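Observations on the three-dimensional arrangement
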Amino acid sequence: RDPIAAAKEYQQAVSLDPTRAPYYVDLARLFLDHNTAEPAEIILQDAAGRFPNNTEVLRLLGLAYYAEGKSPQALDAFLKAVEADPDLESAYASLETLLPYAESRLAEITAKLRRFSERRPSSPVGPYLLALISPENSEALLRHAIQRAPDFWPAYYELHKLLKAQGKWDEAAAAIRKTIELDPDFAPAHYALAELHNRNGDRVHAAQERELHHKLVTAQRAAAEKQRQESPRLSYTLSER
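**Observations concerning the nonpolar core**
One broad rule of soluble globular proteins: the nonpolar side chains tend to lie buried together. Within the largest apolar cluster, 58 residues are counted, with the highest numbers of intra-cluster contacts made by Leu44 and Ile109. Counting nine residues, the second largest nonpolar core, distinct from the first, contains Ile180, Phe186, Ala192 and Leu196.

Shown next, in the form of structure tokens:
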């Protein structure tokens, strides 16, 4: 389907019935899928004003801000999505990359994550994110996340880094191998395992892991480039409403 024609159709739908949040969501998602975040932000700001408690509108607005490098605004949008739906796991998960910009709001985020962790005892996301902002309790929190979801590989990866920093090399190696077992395509894990092999003097396996890391990174870059070519930025003119 022609994305430019689709954008015009979605804009027309919004103009004809501006009371339907899904029309804004579909239009904004089309722009975001085509790496065209600027109009998506404008559309979603309008939608957020009309539907201030719509979690998908707020979550997508956070993604639009993030794509434009507006980290504080993205963080605010995701936190508003959390407030609108305290059980929305995807909004909490979106906070991970923004935690370095959250210094002034860490207390607020911590409180929300603790509440989510209590409300969703089967989700590893709460203790996992708390581990990233609570260094004094990070190992216990990561192990708690793993206990909740034994196949949640990000917790194993973070645990390996913590154990390596503590000099617990065998445990760190076990954690990174588990990461690879659960997600063989996660390139940084292969690089980390290569370093551990190298430390142990195992040059052969270190070289194999470095080669795997290189192949995965190359394939991921090629896939990203293909995605950009197949979903190019859109030329856009937003209709007046």
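More follows now that the structure is in view.
**Digging into unusual backbone geometry**
Here Asn35, not a glycine, exhibits a phi torsion of approximately 55°, which is positive. Positionally, Asn35 belongs in the loop between α2 (21-33) and α3 (37-50). We classify Asn35 as partly exposed; its relative accessible area is 48%.

**Structural notes on the confidence of the model for the chain**
Across the chain, the average pLDDT comes to 93, with 98% of residues at or above 70. Helix α9 (residues 138-148) holds the highest mean pLDDT among the elements of the chain, 98, whereas helix α1 (residues 3-16) holds the lowest, 88.

**Points about the environment of Leu27**
The topology assignment puts Leu27 in helix α2. Along the primary structure Leu27 and Gln11 are separated by 16 residues, whereas in three dimensions their C-alpha atoms are 6.9 Å apart. Residues contacting Leu27, with those up to four places away along its chain left out, are Ala7, Tyr10, Gln11 and Ile43.

**A short note on the packing of aromatic side chains**
This model, assessed by the stated rule, comprises five aromatic pairs. For the pair Tyr92 and Phe116, a centre-to-centre distance of 4.1 Å together with 25° between the ring planes defines the contact as stacked. Of this pair, Tyr92 sits in helix α6 (residues 89-94) while Phe116 is found in helix α7 (residues 106-119), placing the two residues 24 residues apart along the sequence. Of the two residues, Tyr92 and Phe116, neither departs from the other in class, the shared state being buried. The side chain of Arg20 reaches across the aromatic face of Tyr23, ending 5.0 Å from its centre.

**Examining the pattern of salt bridges**
The tally for this structure, following the rule as stated, stands at 18 salt bridges. Close ionic contact of Glu56 with Arg59 constitutes a salt bridge, the shortest N to O distance being 2.9 Å. Taken as a pair, Glu56 and Arg59 lie in helix α4 (residues 55-67) at a separation of three residues, close to a single helical turn. Of the residues examined, Glu56 reaches a relative accessible area of 23% and is grouped as partly exposed. Residue Asp76 is joined to Arg105 by a salt bridge in which the shortest nitrogen-to-oxygen separation is 3.0 Å.

**Describing helix α12 (residues 187-199)**
Across its 13 residues, α12 extends 19 Å between first and last C-alpha, which sits within 8% of the 18 Å expected from 1.5 Å per residue. Listed as buried for α12 are Ala187, Ala189, His190, Ala192, Leu193, Ala194, Leu196 and His197. Structurally, α12 contributes buried residues whose contacts are with α10 (153-165), α11 (169-182) and α13 (203-230). After α12 finishes, the residue Gly201 shows a positive phi value of roughly 80°.

**A few points about the side chain of His190**
Within the secondary structure layout, His190 lies in helix α12. Contacts of His190, omitting those with residues within four sequence positions, involve Ile180, Pro184, Glu209, Leu212, His213 and Leu216.

Reading the values: rules and limits
Residues numbered from 1 in each chain as written. Predicted model: local features only at pLDDT ≥ 70, side-chain atom pairs only at ≥ 80, totals over all residues. Heavy atoms only, no water. Core = buried A, V, L, I, M, F, W, Y, C linked by side-chain atoms within 4.5 Å. Buried < 20%, exposed > 50% of the residue type's maximum accessible area, 1.4 Å probe, protein only. Helix = DSSP H or I, 4+ residues; strand = E, 2+ residues; numbered from the N terminus. pLDDT = per-residue confidence, 0-100. Contact = heavy atoms within 4.5 Å. Phe/Tyr/Trp six-rings, centres within 6.5 Å; stacked < 30°, edge-to-face > 60°. Lys NZ or Arg CZ within 6 Å of the ring centre and 35° of its normal. Salt bridge = Lys/Arg side-chain N within 4 Å of Asp/Glu carboxyl O. Expected span 1.5 Å × (residues − 1).

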